[in-house]
Amino acid sequence: MAAPRALAAAAWAPPQRGPPARRPSGWARDAEAPPHFRIGRGARLWPPAACRARPVCRPSAPRQDHGSGAWGAGRASPRAEAGAGEGPGQRAGRGRPAARRSQGRVPLPAGGLAGGIEICITFPTEYVKTQLQLDERSHPPRYRGIGDCVRQTVRSHGVLGLYRGLSSLLYGSIPKAAVRFGTFEFLSNHMRDAQGRLDSTRGLLCGLGAGVAEAVVVVCPMETIKVKFIHDQTSSNPKYRGFFHGVREIVREQGLKGTYQGLTATVLKQGSNQAIRFFVMTSLRNWYRGDNPNKPMNPLITGVFGAIAGAASVFGNTPLDVIKTRMQGLEAHKYRNTWDCGLQILRNEGLKAFYKGTVPRLGRVCLDVAIVFIIYDEVVKLLNKVWKTD
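The paragraphs below set out a description of the structure included in this document. (Residues numbered from 1 in each chain as written. Predicted model: local features only at pLDDT ≥ 70, side-chain atom pairs only at ≥ 80, totals over all residues. Heavy atoms only, no water.)

**Comments concerning the nonpolar core**
The biggest cluster of nonpolar side chains holds 25 residues, and the ones touching the most others in it are Ala 110, Phe 181, Phe 184, Phe 373 and Tyr 376. Mapped by element, the contributors of at least two residues to this core are α6 (107-134), α8 (166-189), α9 (200-233), α11 (263-289), α12 (299-328) and α14 (358-386). The biggest single contributor to this core is α14, with 10 residues. Filtering out sequence-adjacent residues up to four positions away, Phe 184 remains in contact with Leu 198, Gly 203, Cys 206, Gly 207, Ala 210, Phe 278 and Thr 282. (Core = buried A, V, L, I, M, F, W, Y, C linked by side-chain atoms within 4.5 Å. Buried < 20%, exposed > 50% of the residue type's maximum accessible area, 1.4 Å probe, protein only. Helix = DSSP H or I, 4+ residues; strand = E, 2+ residues; numbered from the N terminus. Contact = heavy atoms within 4.5 Å.)

Written as structure tokens, this is what we have:
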């Protein structure tokens, strides 16, 4: 019996201690390697870090523990068991809801499409709001109210006059919504808890970041051009013949700085806008879904929540919107800075002037936010079906 035992001990002998042996590159599978290169006993010596990066050194199947270690003979390690049946994208994002992981590239096209559709529907209310805010009390008032503004515009320029300046806003609304939702999803995906929930405070911070990003990248130049176009219509001899002609004239006369008038007011307005909207929307969604973060939402419910969020943002930051509009108008040279603009409005027109255009803005923003959130959610669902991102 001594001879067989000696032979078995010799066959089982572990590899010699020393520098890790290099596995020949031809062994793509574990079974092709000699016993002392296989995973099991001596696995701590293999593979070296330099070889681990080469795909040929990776086993094609989950690593098995062939020895009699803690997981027993023939059992896969806990990591291999947990990862069985998962793709690499799922393992990398384990701990987050699958619905959120699948939206990696979707927010940009979904947000852009939602923004373009929304502005085509709601622009006339934006036009009336801007006209009323530009109708300063220091001059004889031109409009007696919303209805009078609409009547005078239609009488002078026809129904299409209510869409004067649409091109500048449309060219900007698509990238604005894309930047807004793309930034919000990027920030929120890094701030969700282990169950995939985003609380109201974090929703406010994500909304603030999204608002600041869209203000600097898109909104400020877009809004400056829009306000100048609408203000130009009030003059007896308009000088802008179209979007590109207007942009060319503004840049020629004032440089690129002319498209970034009122940047501070715009950042304050957009940051507070999106912070309020996403805070309210996140709070209402969390309340509606309760303990189930994946509970589906009816588009009608989404629209109602969006309208409430829009109304909250209107009452929260209309004074900033009035200051921004004045800073971007054709008479912005009267103000030294944003603070001086606010002081002059307060001194010359009183506190009520900070809420000029609130009613038309309320109607536009409630409709705006409701439509955007409905379209965004539906487009995301559609793109997730046809555009697999996992």
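**Some thoughts on the pattern of salt bridges**
In this structure the tally under the stated criterion is 15 salt bridges. Notably, a salt bridge pairs Glu 214 with Arg 180, separated by 3.0 Å at the nearest N-O pair. With Glu 214 in helix α9 and Arg 180 in helix α8, the pair connects residues that are 34 residues apart, well separated along the chain. The residues Glu 214 and Arg 180 share a single accessibility class, namely buried. Each of Glu 126, Lys 129, Lys 269, Asp 321 and Arg 361 takes part in a single network of salt bridges with overlapping partners. (Salt bridge = Lys/Arg side-chain N within 4 Å of Asp/Glu carboxyl O.)

**Thoughts on the packing of α6 against helix α7 (residues 146-157)**
Relative to each other, α6 and α7 sit at 105°, their axes nearing to 10 Å. It follows that α6 is roughly perpendicular to α7 by the angle criterion. Judged by residue contacts, Tyr 127, Val 128, Gln 131 and Leu 132 of α6 engage Ile 146, Cys 149, Val 150 and Thr 153 from α7. Within the contact of α6 with α7, the residues separate by chemical class into six nonpolar, two polar and no charged. (Axes fitted to C-alpha atoms, helices over the stretch in contact; angles between N-to-C directions. Parallel < 35°, antiparallel > 145°, perpendicular 65-115°, else oblique. Nonpolar A, V, L, I, M, F, W, Y, C, P; charged D, E, K, R; others polar.)

**Considering α7**
Between its first and last C-alpha, α7 extends 16 Å over 12 residues, near the 16 Å set by a 1.5 Å rise per residue. When we look at burial in α7, the residues that qualify are Asp 148, Cys 149, Gln 152 and Thr 153. Projected down its long axis, α7 shows its buried positions confined to an angular sector of 130°, all on one face. Two residues or fewer after α7 comes Gly 158, characterised by a positive phi angle close to 80°. (Expected span 1.5 Å × (residues − 1). Arc of directions from axis to C-beta.)

**Focus: a nonpolar patch on the surface**
Taken together, the side chains of Leu 204, Leu 205, Leu 208, Val 212, Val 216, Val 217, Tyr 260, Leu 263 and Phe 279 make up a nonpolar region of the molecular surface, amounting to roughly 670 Å² of accessible area. Of all the secondary-structure elements, those providing two or more residues to the nonpolar patch are α9 and α11. Broken down by element, the residue count for the nonpolar patch peaks at six residues, all from α9. When you line up the elements, Leu 208 lands in helix α9. With a relative accessible area of 37%, Leu 208 lands in the partly exposed category. (Patch = residues over 30% accessible without salt bridge, like charges linked within 9 Å, V, L, I, M, F, W, Y side chains within 5 Å. Areas by Shrake-Rupley, 256 points an atom, 1.4 Å probe, with all protein chains shown as cover.)

**Quick notes on the environment of Lys 269**
Within the secondary structure, Lys 269 sits in helix α11. Between the C-alpha atoms of Lys 269 and Asp 321, which are 52 residues apart in sequence, the distance is 6.1 Å. Setting aside residues no more than four positions away along its own chain, Lys 269 makes contact with Asn 317, Leu 320, Asp 321, Lys 324 and Arg 361. Within the structure, the side chain of Lys 269 is placed 3.2 Å from the side chain of Asp 321, a separation counted as a polar contact. (Polar contact = N/O pair within 3.5 Å; in protein donor to acceptor, adjacent residues only side chain to side chain.)

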